[in-house]
Amino acid sequence: MFDPLLNKLHKSIQLRGGKPLPIPDGLSERLSLKGNGLIRSWLWQTRGFRRWRVTRLDAGENLQVLNSVAYPDYSLEQPIMGIDLLWFGRTKKLVAILDFQPLLQTDSYLDRHFQGLKQLNSRFPELCGSRKMRSFDPNKYFSPWLLFCRGGLSEAKHSLPDAFNQFLDCYWKLHDHSYSLSSELSAMEIKKLQISYDIYSSERDPAHGIFSSYFGKDWADRFMKEFLFPARFDDTSFLEE
Ligand code: BLA
């Protein structure tokens with residue numbers, strides 16, 4: 001379901017000079033315990049980004065996932081890019097979330113970084129119908145203009161590919177522009193906020209149950225800790241200073 005989008009994402013990172021970074025042993029690819037699911041991940045570093053991760057889960061008709069998070073360098077205050085796409089083939093249900101995840105919710109931060117996403121959001125009303133979140137807090141690390149859809153085949157086939165391409169283009173534009181903006185946040189503040197994002201997300205992410213059921217709890221724990229949210233488990237004592 002999401003392979004064309006995955007290819008587009010990887011091509012656009014490579015066009016920007018993306019170089020693969022090593023992934024801890026055993027985490028880049030894993031077949032499920034019952035052989036009915038395969039998870040693959042990639043890690044990139046490219047100019048302006050300290051870490052850009054991509055994960056694809058192929059569990060056939062049961063579930064397809066494309067998930068990606070781009071963490072800008074600590075010198076850039078731009079939002080984190082977040083993508084979470086899920087397709088449940090048996091019930092033909094799509095859950096799609098695409099957002100520029102803000103480090104701050106202040107008016108001035110949102111004004112500086114969200115003109116593009118605001119316009120994109122208005123072009124795809126069919127992908128912006130959902131607001132209610134069960135596990136996350138919409139006011140924490142989500143923007144008011146996120147694309148969040150609980151839909152079906154029509155949204156998955158027609159709107160999503162177009163929106164995905166425009167979303168990526170829009171994020172690259174924001175990124176290019178961010179070099180010319182004077183940052184209101186120091187590199188230390190940006191670092192703290194990005195680490196807090198990993199802590200917050202790892203506590204709320206509804207994916208752990210899926211990883212455990214397909215790949216076992218030990219692997220799921222390692223994947224969360226060493227690949228998805230490594231900053232979560234770094235020494236964060238400086239956050240309290
Ligand atoms: C929801 N994401 C979900 C759900 C699952 C995953 C199972 C619940 C589905 C539902 O509500 O119907 C799955 N998340 C995954 C998987 C990975 C993952 C398999 O990270 C594998 C790596 N989630 C993100 C990112 C964003 C995000 C980057 O990882 C932001 C763009 C958002 N996911 C997000 C939101 C929901 C969700 C907002 C709805 C949760 C809610 O209702 O609170």
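Keep in mind the model is a prediction, meaning the values are calculated, not measured.

**What about the state of the cysteines?**
Then comes step 1: Per the stated rule, a full pass over the model turns up 0 disulfides.
Then comes step 2: Left without a disulfide partner, Cys128 is nearest to the cysteine sulfur of Cys149, which lies 8.4 Å away.
Then comes step 3: Look at Cys128 and you get buried, because its relative accessible area is 18%.

**Re the site of the ligand**
Then comes step 1: Residues in close proximity to the ligand total 24 residues, the closest being Asn67, Asp84, Arg134, Ser135 and Arg150.
Then comes step 2: Between the ligand and Phe136, the relevant distance is 3.0 Å, taken from an oxygen atom to a main-chain nitrogen or oxygen of the residue.
Then comes step 3: When the ligand sits alone it has 830 Å² of accessible area, and the protein chains cover 93% of it.
Then comes step 4: Put simply, the parts of the chain that give the shell around the ligand at least two residues each are strand S5 (63–72), strand S6 (80–88), strand S7 (93–101), strand S8 (147–151) and helix H6 (208–215).
Then comes step 5: Here the residues of the shell around the ligand are counted per class, giving 16 nonpolar, 4 polar and 4 charged.

**Describing unusual backbone geometry**
Then comes step 1: Not every positive phi belongs to a glycine, and Lys92 is a case in point at roughly 55 degrees.
Then comes step 2: For Lys92, the position within the fold is in the loop between S6 and S7.
Then comes step 3: Backbone geometry at Tyr141 places phi at a positive 60 degrees, although glycine is not the residue there.
Then comes step 4: By the element assignment, Tyr141 lies in the loop between helix H3 (115–123) and S8.

**As for the nonpolar core**
If you look at soluble globular proteins, the nonpolar side chains tend to sit buried side by side.
Then comes step 1: Residues Trp52, Val54, Leu85, Phe164 and Phe211 are the most contacted members of the largest nonpolar core, which totals 76 residues.
Then comes step 2: In terms of residues, this core owes the most to one element, helix H4 (residues 153–178), which gives 10 residues.
Then comes step 3: Not counting the four nearest positions on each side in its chain, Phe164 is found in contact with Leu5, Lys8, Leu9, Leu66, Ile83, Leu85 and Leu98.

**Here's the deal with the pairing of strand S3 (residues 38–46)**
Then comes step 1: As judged from the 2 bridges shared by strand S1 (residues 19–20) and S3, these two strands associate in the antiparallel manner. By the bridge assignment, Lys19 is partnered in S3 with Gln45.
Then comes step 2: Counting the residues in the hairpin turn of strand S2 (residues 29–31) and S3 gives 6 residues, including Gly35, whose phi is positive at 80 degrees.
Then comes step 3: Alignment of S3 against strand S4 (residues 49–59), held across 8 bridges, turns out to be antiparallel. Directly across from Trp44, in S4, lies its bridge partner Trp52.
Then comes step 4: In sequence, S3 turns back onto S4 through a hairpin of 2 residues, with Gly48 there showing a positive phi of about 90 degrees.

Parameters and conventions
Residues numbered from 1 in each chain as written. Predicted model: local features only at pLDDT ≥ 70, side-chain atom pairs only at ≥ 80, totals over all residues. Heavy atoms only, no water. Disulfide = S-S within 2.5 Å. Buried < 20%, exposed > 50% of the residue type's maximum accessible area, 1.4 Å probe, protein only. Near = heavy atom within 4 Å. Polar contact = N/O pair within 3.5 Å; in protein donor to acceptor, adjacent residues only side chain to side chain. Areas by Shrake-Rupley, 256 points an atom, 1.4 Å probe, with all protein chains shown as cover. Helix = DSSP H or I, 4+ residues; strand = E, 2+ residues; numbered from the N terminus. Nonpolar A, V, L, I, M, F, W, Y, C, P; charged D, E, K, R; others polar. Core = buried A, V, L, I, M, F, W, Y, C linked by side-chain atoms within 4.5 Å. Contact = heavy atoms within 4.5 Å. Pairing = 2+ DSSP bridges.

Limitation: the analysis is restricted to geometry and does not speak to function.
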